[in-house]
Amino acid sequence: MIYLDHNAATPIAPEVREEMLRVLEIYGNPSSLHEEGQKARSLLDESRAKVAAFIGAFPDEIIFTSGGTEANNIAVHSFAGSSAAVSAIEHSSVLKPFEYLAAKGVRVHHLPADSGGIVSAGNIPAGVSLVSVMLANNDTGVIQPVRKATEAAHAAGALFHTDAVQAAGKIRINVRELGADILTLSAHKMYAPKGIGALFVRRGLKASPLMQGGSQEKAVRPGTESTVLAAAFAKACETAEKRMEKDEAEIARLRDMLESLITAKVTDCRINGLGSPRVSGTSNITFSGLKGDSLIINLDLAGLCVSGGSACSSADFRPSHVLTAMGLSDGDARASVRFSLGRGTTEEEIVRAAETVADTVSSMRGKTW
Ligand SMILES: Cc1ncc(COP(=O)(O)O)c(C=O)c1O
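Conventions we followed
Residues numbered from 1 in each chain as written. Predicted model: local features only at pLDDT ≥ 70, side-chain atom pairs only at ≥ 80, totals over all residues. Heavy atoms only, no water. 1 Å grid on protein atoms, 1.4 Å probe; cavity = no way out; pocket = protein on both sides within 12 Å on 5 of 7 lines; lining within 4 Å. Points joined across faces, edges and corners; volume = space filled by probe spheres on them. Helix = DSSP H or I, 4+ residues; strand = E, 2+ residues; numbered from the N terminus. Nonpolar A, V, L, I, M, F, W, Y, C, P; charged D, E, K, R; others polar. Pairing = 2+ DSSP bridges. Axes fitted to C-alpha atoms, helices over the stretch in contact; angles between N-to-C directions. Contact = heavy atoms within 4.5 Å. Phe/Tyr/Trp six-rings, centres within 6.5 Å; stacked < 30°, edge-to-face > 60°. Buried < 20%, exposed > 50% of the residue type's maximum accessible area, 1.4 Å probe, protein only. Lys NZ or Arg CZ within 6 Å of the ring centre and 35° of its normal. Polar contact = N/O pair within 3.5 Å; in protein donor to acceptor, adjacent residues only side chain to side chain. Salt bridge = Lys/Arg side-chain N within 4 Å of Asp/Glu carboxyl O. Left-handed = near helix turned anticlockwise from the far one by under 90°. Arc of directions from axis to C-beta. Near = heavy atom within 4 Å. Areas by Shrake-Rupley, 256 points an atom, 1.4 Å probe, with all protein chains shown as cover.

Participant: For this particular structure, what's the right way to read the layout of surface pockets?
Facilitator: Gaps left between atoms are located by rolling a probe of water-molecule size over the structure's atoms. Size it by volume and the largest pocket reaches roughly 270 Å³. Forming the walls of the largest pocket are 20 residues, and the residues nearest its centre are His-91, Val-165, Gln-166, His-188 and Lys-189. When residues of the lining of the largest pocket are assigned to their parent elements, the largest contribution, three residues, is made by helix 3 (residues 68-79). Tallied by class, the residues present in the lining of the largest pocket amount to four nonpolar, 13 polar and three charged.

Participant: Please clarify how the sheet that holds strand 9 (residues 269-272) should be interpreted in this entry.
Facilitator: Sheet strands pair by backbone hydrogen bonding; their relative direction is either parallel or antiparallel. Taken in spatial order, the three strands of this open sheet run 9-10-12, and their pairing is antiparallel. The sheet terminates laterally at strand 9 and strand 12 (336-340), the two strands that pair on one side only. Taking each pair of neighbouring strands and ignoring which way they run, the sheet shows an average axis angle of 30 degrees. Two strands pair when backbone bridges link them, and strand 9 and strand 10 (residues 282-287) are joined in this way by four bridges, in the antiparallel orientation. For Ile-271, the partnering residue across the bridge sits in strand 10 and is Ile-285. Sitting on the sheet, helix 7 (residues 227-265) touches strand 9, strand 10 and strand 12, and the angle it makes with strand 10 is about 15 degrees.

Participant: Sorry, what's going on with the packing of aromatic side chains here?
Facilitator: For any pair of aromatic rings, the description consists of the separation of the ring centres together with the inter-plane angle of the planes. Evaluation of the coordinates by the stated rule reveals two aromatic pairs. Note on Phe-287 and Phe-339: the rings are 6.5 Å apart at their centroids and 75 degrees apart in plane angle, and the pair reads as edge-to-face. A residue pair is termed long-range when its members are at least 10 positions apart, and Phe-287 in strand 10 and Phe-339 in strand 12 qualify at 52 residues. On the basis of relative accessibility, which here comes to 0%, the residue Phe-339 falls in the buried class. Taking NZ or CZ as reference, Arg-203 lies 3.7 Å from the ring centre of Phe-58, over its face. In this structure, Arg-343 is placed above the aromatic ring of Tyr-191, and the distance from its NZ or CZ to the ring centre is 4.0 Å.

Participant: Just checking my understanding: could you explain the side chain of Asp-181 for this structure?
Facilitator: With respect to the helices and strands, Asp-181 occurs in the loop between helix 6 (175-178) and strand 7 (182-186). On the accessibility criterion, Asp-181 (3% relative accessible area) is buried. Engagement of the side chain of Asp-181 in a polar contact is seen with the side chain of His-154, the distance being 2.7 Å. The contacts of Asp-181, once residues within four sequence positions are left out, are His-154, Leu-159, Phe-160, Phe-200, Val-201, Arg-202 and Leu-205.

Participant: Any chance you could explain empty space enclosed by the protein here in plain terms?
Facilitator: The full count for this structure, using the stated rule, is one cavity of 30 Å³ or more. Looking at side-chain class alone, the lining of the largest cavity contains six nonpolar, six polar and five charged residues.

Participant: Looking at this structure, I do not really get the environment of Arg-203. What am I missing?
Facilitator: Residue placement: Arg-203 occurs in the loop between strand 8 (197-201) and helix 7. For Arg-203, a relative accessible area of 42% corresponds to the partly exposed category. For the pair Arg-203 and Glu-36, spaced 167 residues apart in sequence, the C-alpha to C-alpha distance is 30 Å. Setting aside anything within four residues of it in sequence, one finds Arg-203 in contact with Phe-58, Asp-60 and Glu-61.

Participant: What's the story with the pattern of salt bridges in this structure? I'm lost.
Facilitator: Two side chains that carry opposite charge are able to pair once their charged atoms sit near each other. Within the structure shown, the criterion is met by 23 salt bridges. Here Arg-202 ties to Asp-181 by a salt bridge, and the two come within 2.7 Å at their closest N and O atoms. Placement of the pair is Arg-202 in the loop between strand 8 and helix 7 and Asp-181 in the loop between helix 6 and strand 7, with a sequence separation of 21 residues. Via salt bridges that share partners, Asp-5, Asp-139 and Arg-338 belong to a single interconnected network.

Participant: Which parts of the structure should I look at to understand the packing of helix 3 against helix 4 (residues 92-103)?
Facilitator: Helix packing for two helices is described by the angle between their axes and how far apart those axes are. One can describe the packing of helix 3 onto helix 4 by two numbers: an axis separation of 8 Å at closest approach and a directional angle of 35 degrees. The hand of the helix 3/helix 4 crossing is right-handed. Touching Thr-69, Asn-72, Asn-73, Val-76 and His-77 of helix 3 are Ser-93, Val-94, Pro-97, Phe-98, Tyr-100 and Leu-101, all from helix 4. Here the residues of the contact of helix 3 with helix 4 sort into six nonpolar, five polar and no charged.

Participant: Where do I start with helix 5 (residues 146-155) in this structure?
Facilitator: For an α-helix, 3.6 residues make a turn, and residues three or four places apart therefore share a direction. Where helix 5 is concerned, the buried positions are Val-146, Ala-149, Thr-150, Ala-152 and Ala-153. Burial along helix 5 is one-sided: seen end-on, the buried residues are contained in an arc of 165 degrees. Seen from the buried face of helix 5, the exposed residues on the opposite side, beyond 90 degrees, are Lys-148 and Ala-155. Here the buried face of helix 5 lies against strand 5 (130-132), strand 6 (159-163) and helix 6.

Participant: Sorry if this is basic, but what is going on with the site of the ligand here?
Facilitator: As a matter of local geometry, the ligand sits amid 14 residues, with Thr-69, Asp-163, Gln-166, Ser-186 and Lys-189 nearest to it. Here Gly-68 contributes a backbone N or O atom positioned 2.8 Å from an oxygen atom of the ligand. With respect to the ligand, the side chain of Lys-189 contributes an N or O atom lying 2.6 Å from an oxygen atom. A total of 390 Å² of accessible area belongs to the ligand in isolation, and the protein chains cover 87% of it. Per-element tally for the shell around the ligand: the top contributor is helix 3, with three residues.

Shown next as structure tokens:
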């Protein structure tokens, strides 16, 4: 089996696994005042400091959440006010809370993307409280001009949120350099387990809770914290910090190889977002005339795990809203497949993956045409 779906989930890094086993013994509740509780508290504090350092933040600016979805929801619900602007290519965990608020009367403006998958955030309407533009797109890998978007948001008097889930560990992130007020992370895209993420909330801002309970995570995310997951997340950040440039250079080399092999072997295919700045491991390719869901199933049968993008599940294959926002027809968006490489991907796998794609596409076209 060849796994090219790292944007959906990454395997757990050996360093992270080892760290989780080490800290499993620390079982106390971080809110307990006794010794066992305080061991857990120290571990949680250290983990928070490491996650904060990874993005150039202060530890007290980090709120641990259950993942990217929860962090995005807290960001949108806390800061959207009565009028907000969001890019058309956001993940559903940003778009859906905005839709929910729009149904309740909040004015929501959508910022368009161009054919290269880049959001134009120059035109922020007056009176907007929050602008949300992601750092790297999950379907295309296109890196957004977030620094510019932050400036435009601040010039309009709005706060700026960026969903950095698909950028973290792939490009260096510094919240001060970006000028972001609020930023989302998720551990399971960074070789740590599912179930933990973080919301950076700049000092001076106060997020509001989605749930009521204890005072954990500044009462924004009540409930006993998972010290094991926090330690895993922190280790993933430390590991990424050390190896990011080297890993990403190799992953980019393999991604370019995959794209040139596929485009050389398969006619009528197009790389989405090519020419725009992209994170290293993502390649989104339209295979004209095919149905992406059937292609993904056939590739899976041939031993290659890929995906149609985040909006898709086996029961629900909708065209990616990211691709339609870039101007692709519904048909072309449905004919698109996302390949996402990671640390463990090898050159031999890339060669086999390209052959599998070429054979599968040609046999499907042979059948349908
Ligand atoms: C860009 C982006 N934001 C948010 C999420 C949601 O993160 P989580 O799965 O941790 O809830 C994802 C997951 O695919 C994503 O790709």
